[in-house]
Amino acid sequence: MNLILATGFLVSRCEGSRVTLADYLPIGMMLVFGIGFATVIMWLSWRIAPNNPTPEKLAPYECGIVPLQEPVQRFPVKFYIVAMLFVIFDVELVFLFAWAVRFESFGWAGIGAMGIFVILLLETLVYVWKRGALDWNVARRGRNRRIVVDSLEDAA
Amino acid sequence: MNEIAFLPIAAEILLLGGAVLILMAAVTLNLGPRTWAIIAGTTLGLSFLVAWVQWWRIDDVGSQIHYTGDFLRTPMVVMDYFSVFGGGLVIAAGGIALLGGWRLVGSLEKRGAEYVALVLLAVAGLHIMVISANLILMFIGLETASIALYVVAGFTRDRPDSDEAAIKYFLLGSFASALFLYGIALTYAATGSTSIYGPTGIVAFFAERAITEPGVLLIGIALMIVGLGFKVSAAPFHQWAPDVYQGAPGAAVPLMASGVKIAGFAAMARVLTVAFDASISDWAQVISALAALSVVVGTLFAIAQSDFKRMLAYSGVAHAGFMLTALVAGQSGVPGLWFYLGTYAFQLIGTFIIASIISGAAGGASPLDSYRGLAKRSPVLAGALAVLMLAMGGIPLTAGFVGKVGVFAAAIDAGYLWLAIVGLVSAVAGLFFYLRLIVLAYFNDPDPALADEPITAPRSSRLALAVCVSFTFLFGVLPWPLLNLTSEALPL
Amino acid sequence: MTGWEIFLTAAIKTVAAFAFLLTLTIILVWFERKTVADLQNRIGPNRAGPWGLLQTVADGAKLLFKESVTPRKVEFGLYIAAPVAALVPALLIFLVVPIGRPFHIGDRLIDLSGTDLNIGLLYILALSSLAVYAVVLAGWSSGSKYPLLGAVRASAQMISYEAAMGLALVPLILFTGTTSLKQIVEIQGGSFGDTFLPAWNVVLIPSFLIFFIAGIAETNRAPFDLVEAESEIVGGYHTEYSGFRFAMFFLAEYINIFNIAAITVTLFLGGWHGPTFGLGAPFDWVLPIFWFLAKSMALVFVFVWVRATLPRMRYDQLMSFGWKRLIPVSLLWIALSTLAIGVRRMGLPWT
């Protein structure tokens, strides 16, 4: 009942604007519904499924052998670079979307401004690319290739 | 909306384009430091030229505010004598600092392009701080410059103290930026605007009504003072300066020390003396307290230092105090502030160039002992050092003296006699450590281990140093041209 | 509409969407197994129910009765939250997809979608980024080696392709001038000029291809299923999950496949538009739903087809394909389409 009153409240507050908070009501419901479903079914599974833990069963998976070391805690810095690049492009995207919806009202000046903006970001990509931050194949990168090739030649 | 005024932001466009070109030239065409130098020099030269064009333009049509947003109501950029002078000063300081530290670029190999590009971006950010008519834009400029300089501080990443400097600068700097931003938010809450000028700006707001409950506004102003005070290293927000100046690559320190001070003080002058002119009785007391604290703390700590760069950092705190002294007079203190900034920036760049010649472009510690007997090892360098030290100490016939006179006069006119006396006493006490260097250089024998080692300075450093020293000397003997210029360079 | 009616409509739509997605998953899993079996000259599931249709139900029931092992080094709170975090965004995305023509009840017009947001495309992108959290949380909280590796790989992969996915949508927004899925579908009604060709947005072919490829990568499906490359990192991020906790990841994956197919159909292939042959009620709203489902299933078939045909990519190939091919191509395509649409709508810049 309270929910219904709240819905009415939301609608009345947003009267006049084209978008109402009531548009988000199904999303809120599905959120509750999804979490509720997941909780209930996992609880159910926990109730009806057997539970016979043994030390071997509870060990972290290591293809059947006893794990010798903790999982790695440090990652190649490239993952962080990818994350940073993603942030750059996602921010670009936010601006592009906002502009694209109404690009006609900004005219050619808007297209020019957006072009400069995109070129600046493209430059980031080109720079990172050329500096080898996007090369995941170690042997392909300049200095390392030399090392790999040299060691191969030494072996030969 | 369709008319974009390009003249006020021409310098930023040029600097940004230069940075992009350098990066692209380095990675796609594999062009070396010579090309970067040509591009960087051209961009900085052209943007300095833009400052002249802007000045003539203002002579013709007067100061201009450039708007954006719906119905062109939000002022973003202001083109007045103040911003043109400050912008030109930032570009000149950036150019000479880059020139003086060019030796570092060669030693960085490919990363040198990044270094040059970052310096150009930092200069662009500082320029934005000077010309902005909107607090948000000012913040963006501040962040652009700061982030570029954080990276520059850690550029020689194989040295642990460089990493330490970068991290310290980054953490404390972002804290200060956050405070500045919060100050903007509170100002917005109190006045309903982040613009300084314009029909809905802060100035118009104060002209129309009096604030009855100034609590939020005062906290906002205080936070902005803290944020900018950090950037110009005024006490008690100065703790980062010695570590950063000592740890950062020696060749990069001149820009970090001088450029940020210029832009920081320009922003402070714009915010306090223009936007919050109405509440000058409130903030002037805070500024005077900061000024007194800065000169005293800076002088006392500088005396105790045994490292040249740390000493310069603390003396920089004292100098920030002197400049704050001019600011208590409100807008009438701006010419004094400009003259002091304009001359001090070049003294600072010059001394740091000397430090980077003595202890290496990559930087690190520069103990005072390594200046022992400098006159015997390199008379020219010792002479330059002596001129710069005398100027920093405020000895007559150098620019430093004229600057200090202007600053104290402004404070006395505004009724802050006690502040002038505190400053005067500290200036005299400060002479101790400036003269100590001259004594070390001229009346001591060099370290026997270093005596035979020649001091080599590349042509770029020598050129930049010559410019700095001649500026200092010239404006000490003939200060009038610069004085005339600064007396015109008032904010709108 | 009154508060009551809005609440009731929302509730019905939510429950219907939820039931629809669960049923669909059951069919999709069966569909994929059958199709892959056909493509590989096998028979596939054929015991449970007619044509093995109930196989998925049986599997689900089995997983429900299976022990959910909680390994020793697990961070339990996040470990248990991860499957939920995988499932919920998948359910939420579907809500904005219109599955049929709006119809009248009395004088009220009811949209056949959970809701119509004016920021629909942003909502989709935002929720599909949330899916990364589930993977990272699962991998990190498992306290085990392979899940962690799988999670880090997956997050890098998903965010890489998400950038391309978003960029592919820019020309579409330029073209349609809206980010609301309902309006995007409405624009695609009718045909080009006098031809019989439907006016679908698929004329933006590069956008369509990039979006769909990035969609395959977003859902971690073959040939981009590095995340669970069993030859290298066992099951990837869900190695340490069993019982119904694993089933939730499974459920989320299939719902996501359908979501990508449905969104691609909505954005590029005309959504629920299709010939209704002038049959009148009730066919004028039953047939659109059929067309929508048919097109979506066709794309799901492409998913399966690709999986059965292409071998898995190497990780460096995957990353360079994303960053060095898809993103530059989509930027170029944005430039081209902006110029083309700009000239078409506003004339040449110098006139």
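Just so we're clear, the structure is a prediction, and the values are computed from it rather than from any experiment.

Each value, and the rule that gives it
Residues numbered from 1 in each chain as written. Chains lettered and ligands numbered in written order. Predicted model: local features only at pLDDT ≥ 70, side-chain atom pairs only at ≥ 80, totals over all residues. Core = buried A, V, L, I, M, F, W, Y, C linked by C-beta atoms within 7 Å. Buried ≥ 20, exposed ≤ 12 C-beta atoms within 10 Å, placed from the backbone. Helix = DSSP H or I, 4+ residues; strand = E, 2+ residues; numbered from the N terminus. Contact = placed C-beta atoms within 7 Å. pLDDT = per-residue confidence, 0-100. Nonpolar A, V, L, I, M, F, W, Y, C, P; charged D, E, K, R; others polar.

## Points about the nonpolar core
Counting residues in each nonpolar core, the largest one holds 195 residues, and the members touching the most others are B:Ile22, B:Ala122 and B:Met323. Here this core gets 17 residues from one element, more than from any other, and that element is helix 14 (residues 334–359) of chain B. Apart from the residues lying within four places of it in its own chain, the contact partners of B:Ile22 are B:Trp36, B:Ile39, B:Ala40, B:Ala113, B:Val116 and B:Ala117. One finds C:Tyr79, C:Leu117, C:Ala134 and C:Val152 within the second-largest nonpolar core, a separate group that totals 132 residues.

## Considerations on the confidence of the model for chain A
Parts of the model with low pLDDT should not have their predicted coordinates read in detail. In the predicted model, chain A carries a mean pLDDT of 73, and the fraction of residues at 70 or more is 67%. Low confidence marks residues 7–17 of chain A, where pLDDT is under 50. Its contacts with residues over four positions away, or in another chain, come to 16 contacts.

## A short note on the interface of chain C and chain A
In this complex, chain C contributes 71 residues to the contact, which on the side of chain A involves 62 residues. Counting only elements with at least two residues in the side of chain C that touches chain A, the list comes to helix 1 (3–39), helix 3 (76–94), helix 5 (145–176), helix 9 (243–268) and helix 11 (315–346) of chain C. The element that contributes the greatest number of residues to the side of chain C that touches chain A is helix 5 of chain C, accounting for 13 residues. Residues that form the side of chain C that touches chain A fall into these classes: 40 nonpolar, 19 polar and 12 charged.

## Some words on unusual backbone geometry
Going from B:Ala235 to B:Pro236, the amide bond is cis rather than trans, its omega being 0°. Mapping B:Pro236 onto the fold places it in the loop between helix 9 (215–231) and helix 10 (240–247). A positive phi is found at B:Ser233, a non-glycine position, where the angle reads about 50°. The residue B:Ser233 is located in the loop between helix 9 and helix 10 in this model. One non-glycine residue, C:Asn41, adopts positive backbone phi at about 65°.

## What about the environment of B:Ile303?
Structurally, B:Ile303 can be placed in helix 12 (residues 280–304). Those residues in contact with B:Ile303, other than ones at most four positions away along the chain, are B:Phe432 and B:Phe433.

## Observations concerning the arrangement of the chains
The protein chains that touch form 2 pairs of chains, and the pair with the most contacts between them is chains A and C. At their nearest point, the C-alpha atoms of chain B and chain C are still 13 Å apart, with no contact between the two.

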